[in-house]
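Chain by chain, the residues run as shown.
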Amino acid sequence: MALANENYLKTPEIYCFDEIEKRVNAFKVLHPDAKIIRLGVGDVTRPLPPEVILSMHKALDEMGQVETFKGYSPPQGYDFLIDKILKEYRSIGVSLDKESVFVNDGAKSDIGNIGHVLGRDNIIAISDPVYPVYENATIMSGRAGELTDEQKWSNVVYLRCTEETGFVPELPTEKVDVIYLCNPNNPTGTVMTKTELKHWVDYAIEHQSIIIYDGAYQAYVNEPNVPRSIYEIKGAKKVAIEIRSYSKTAGFTGLRCGYSVFPQELQVYTKLGEGVPLIKLWSRRNANYTNGVSYIVQRGAEAIYSRKGKVETKELVNYYLTNASLIRNELLSLGFEVYGGISSPYVWFKTPEHLSSWKFFDQLLYECHIVGTPGIVFGSSGEGYMRFTGFGSRENTLISLEKLRKII
Ligand SMILES: *Cc1c(COP(=O)(O)O)cnc(C)c1O
């Protein structure tokens, strides 16, 4: 009899995001002609930079000629791409060695896969509200314990991230082993400064913990005191894995490419307290469970680092940042309590008159034909908040702000 991994049965069968679609569809039945604008999307909408397209066309042609055909990629990725990644790190004063970079098919894969090389009994810390993948990966890997009456998992330490903390996660008071941090943060759009992040690195060093640093939005950092990489913080190489992605940086959500950094200095421990470099375990996992990323896609990613490619990706990021800033300023001028939207495509704000997230969601949908993301879908501390994103078109963003102004 084949047994199921029952941990997978513990994650909610109906994803909270499905509830959004359900409500939107119900609205459409009643108002078939209404033009709905989505301000909740977490996906990019602008096309790929022309340099990326050029480079991929060329790579595809190479695959069609016997002299230039490519089979399997090196397991960690091609040097032509890794060298560019290292150079970009050097430009912000971070030196990494080549062996520590692992090119992958996007950040989400490694956010989940990292669990394979970590012991079962680790105590995991995540913020509340949170990018749902960190919590679901913890549940499916069997590390979450049991669901309590407050809809929290018994073995997970939830980091307070509320109005009182400025929607930046607060350091745990107890000892935790693995901490997921996202900076700039999704869903709240808030950032940790270098000084704030230093406290986390110090905490991790003191407790022999590790930080899984999700830098998916590093390209959006717009403020000088906010780090682009956790390795800008002294000591971070001993305790932090950095996960980055081209998805939000260069429109790669449908192409799939990113990379993770496992510094040689970073150790985990055996039950006897013996230190083991995590990269050793990760290399083994990588060699056995993947066969790398497509040559064509890696050439596309390389093009981002060319002179033209840099200009084009900067334009792309600025487009979304401008949308976010328009949303942020409009909400502020309407008197909302607003977070994020400065170094992030996300704007997080408090609902008016203490409405619940879902109540306000319905109001926006029925009165403005706008779809936002209710804060509650990211965790219980998101109740009473809403997330808008700058990922739509400029035109739609402006139309929806106009509509919002009318009802407030
Ligand atoms: C979009 C996003 C990612 C990127 O995921 P990919 O798999 O690279 O597309 C990672 N983390 C967060 C928090 C995100 O919002």
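Residues numbered from 1 in each chain as written. Predicted model: local features only at pLDDT ≥ 70, side-chain atom pairs only at ≥ 80, totals over all residues. Heavy atoms only, no water.

## Considering the overall build of the chain
The cut-off we apply is this: Note on conventions: DSSP H or I runs of at least 4 residues are helices, E runs of at least 2 residues are strands, and numbering of each starts at the N terminus. With the radius of gyration taken over C-alpha atoms, the globule rule is written as 2.2 Å times the number of residues to the power 0.38. Accessibility here uses a 1.4 Å probe with only protein chains present; expressed as a share of the type maximum, an area under 20% marks a residue as buried, one over 50% as exposed, and anything in between as partly exposed. Note on definitions: a residue-residue contact is assigned when non-hydrogen atoms from the two residues lie within 4.5 Å.
Regarding its fold elements, the chain presents 12 helices and 15 strands. Taken over C-alpha atoms, the radius of gyration comes to 22 Å for the chain, in line with the 22 Å a tight globule of 408 residues would show. Principal axes of the C-alpha set define a box for the chain whose edges measure 60 × 55 × 55 Å. Every one of the 408 residues in the chain was classed for burial, and the buried ones make up 52%. Long-range pairs, those at least 24 residues apart, make up 71% of the contacts in the chain with a sequence separation of at least 6.

## Brief notes about the site of the ligand
Put simply, the rule reads: Here a residue counts as near a molecule or strand whenever at least one of its heavy atoms sits within 4 Å of it. By the criterion applied in these results, polar contacts are pairs of N or O atoms within 3.5 Å in which, for protein atoms, one can donate a hydrogen and the other can accept it, and in which residues neighboring in sequence qualify only through two side-chain atoms. Under the convention adopted here, Pro, Cys and the residues Ala, Val, Leu, Ile, Met, Phe, Trp and Tyr are nonpolar, Asp, Glu, Lys and Arg are charged, and Gly plus all remaining residues are polar.
Within the structure, the ligand sits among 14 residues, and Y217, S245, S247, K248 and R256 are positioned closest to it. At a separation of 2.8 Å, an oxygen atom of the ligand approaches a polar side-chain atom of N186. In the model, an oxygen atom of the ligand is placed 2.6 Å from a nitrogen or oxygen of the Y217 side chain. Among the elements of the structure, helix 4 (107-113) and helix 7 (247-250) are those that each provide at least two residues to the shell around the ligand. Looking at the shell around the ligand, its residues break down into six nonpolar, four polar and four charged.

## Quick word on the state of the cysteines
The test is simple: When two cysteine sulfur atoms are found within 2.5 Å, that pair is recorded as a disulfide.
Per the counting criterion, the structure on display carries zero disulfides. In this model C257 remains outside any disulfide bridge; the closest cysteine sulfur is found in C182, 19 Å from its own. Among the residues examined, C257 registers a relative accessible area of 0% and is labelled buried.

## Details of the pattern of salt bridges
What counts is decided by this rule: Salt bridge, as applied in this entry: a Lys or Arg side-chain nitrogen positioned within 4 Å of an Asp or Glu carboxyl oxygen.
Summed over the entire model, instances satisfying the criterion amount to 20 salt bridges. Through salt bridges with shared partners, one network takes in E19, K22, R23 and D362.

## Some thoughts on the nonpolar core
What counts is decided by this rule: Here the nonpolar core consists of buried residues drawn from Ala, Val, Leu, Ile, Met, Phe, Trp, Tyr and Cys, with membership extended through side-chain atoms lying within 4.5 Å.
With 48 residues, the main nonpolar core has I211, I230 and Y246 as its most contacted residues. Element by element, the count of residues in this core is highest for helix 3 (residues 79-91), at six residues. Counting residues in each nonpolar core, the second largest holds 31 residues, with F27, I327, F349 and Y385 among its members.

## A few points about the sheet that holds strand 5 (residues 178-182)
Selection criterion: A pair of strands is treated as paired once DSSP finds two or more bridges between them. Between the N-to-C directions of two axes lies an angle of 0 to 180 degrees, each axis being a line fitted to C-alpha atoms and, for a helix, fitted only over the stretch in contact.
Strand order in the open sheet formed by seven strands is 2-8-7-6-5-3-4, with mixed pairing between adjacent strands. The open sheet has two free edges, formed respectively by strand 2 (101-104) and strand 4 (156-160), since each of these has just one partner strand. Within the sheet, the average angular offset between the axes of one strand and its neighbour, ignoring direction, is 25°. Bridge count between strand 3 (residues 124-128) and strand 5: two bridges; the pairing is parallel. When the bridges of strand 5 are listed, I124 appears paired with V178. Helix-sheet contacts for helix 8 (residues 278-289) involve strand 2, strand 6 (210-214) and strand 7 (240-245), and the interaxial angle to strand 2 is about 30°.

## A word on the side chain of D177
Within the secondary structure layout, D177 lies in the loop between strand 4 and strand 5. One polar contact links D177 to K175, side chain to side chain, over a distance of 3.1 Å. If we skip the residues at most four places from it in the chain, D177 touches D121, N122, I123, S209 and I210.

## Comments concerning the packing of aromatic side chains
Convention followed: Working definition: rings of Phe, Tyr and Trp (its six-membered ring) pair if their centres are within 6.5 Å, and the pair is stacked with planes under 30 degrees apart, edge-to-face with planes over 60 apart, and tilted otherwise. Only Lys NZ and Arg CZ are tested; either one counts as a charge over a ring when it is within 6 Å of the ring centre and within 35 degrees of the ring normal.
Applying the stated criterion across every chain yields a total of 28 aromatic pairs. Ring geometry for Y319 and Y320: centres 5.9 Å apart, planes at 85°, overall edge-to-face. A residue is classified by how much of its surface remains accessible, and Y319, at 18% relative accessible area, is buried. Positioned above the aromatic ring of Y319 is the side chain of R394, whose terminal nitrogen or guanidinium carbon lies 4.6 Å from the ring centre.

## Focus: the pairing of strand 7
Side chains on a regular strand alternate between the two faces of the sheet. The element strand 7 is extensively covered by neighbouring structure, given that six of its six residues are classed as buried. Residues A240, E242 and R244 point to one face of strand 7 and I241, I243 and S245 to the other, with burial holding for every one of them. As defined by bridge partners, strand 6 adjoins strand 7 across four bridges and the pair is classed as parallel. The partner of Y213 across the bridge, within strand 7, is E242.

## Topic: the domain arrangement of the chain
Applied cut-off: Either an automatic procedure or a domain database provided the assignment from which the domain bounds are taken. Once two parts are brought into contact, the accessible area they lose, counted with a 1.4 Å probe and summed over both, makes up the buried area.
The domains assigned to the chain are domain 1 (14-43 + 308-407) and domain 2 (53-305). Taking the mean C-alpha position of each, domain 1 and domain 2 sit 27 Å from one another. At the interface, 30 residues of domain 1 touch 33 residues of domain 2. Summing the contributions of domain 1 and of domain 2, the shared interface buries around 2500 Å²; its carbon and sulfur component is 57%. Connecting domain 1 to domain 2 are one salt bridge.

## Comments concerning the sheet that holds strand 14 (residues 373-374)
Strand order in the open sheet made by the four strands is 11-12-15-14, with antiparallel pairing throughout. Edge positions in the sheet fall to strand 11 (338-340) and strand 14, since each of these pairs with one other strand and no more. Pairing geometry for strand 11 and strand 12 (residues 346-350), over three bridges, is antiparallel. Its bridge partner lying in strand 12, G340 is registered against V347.

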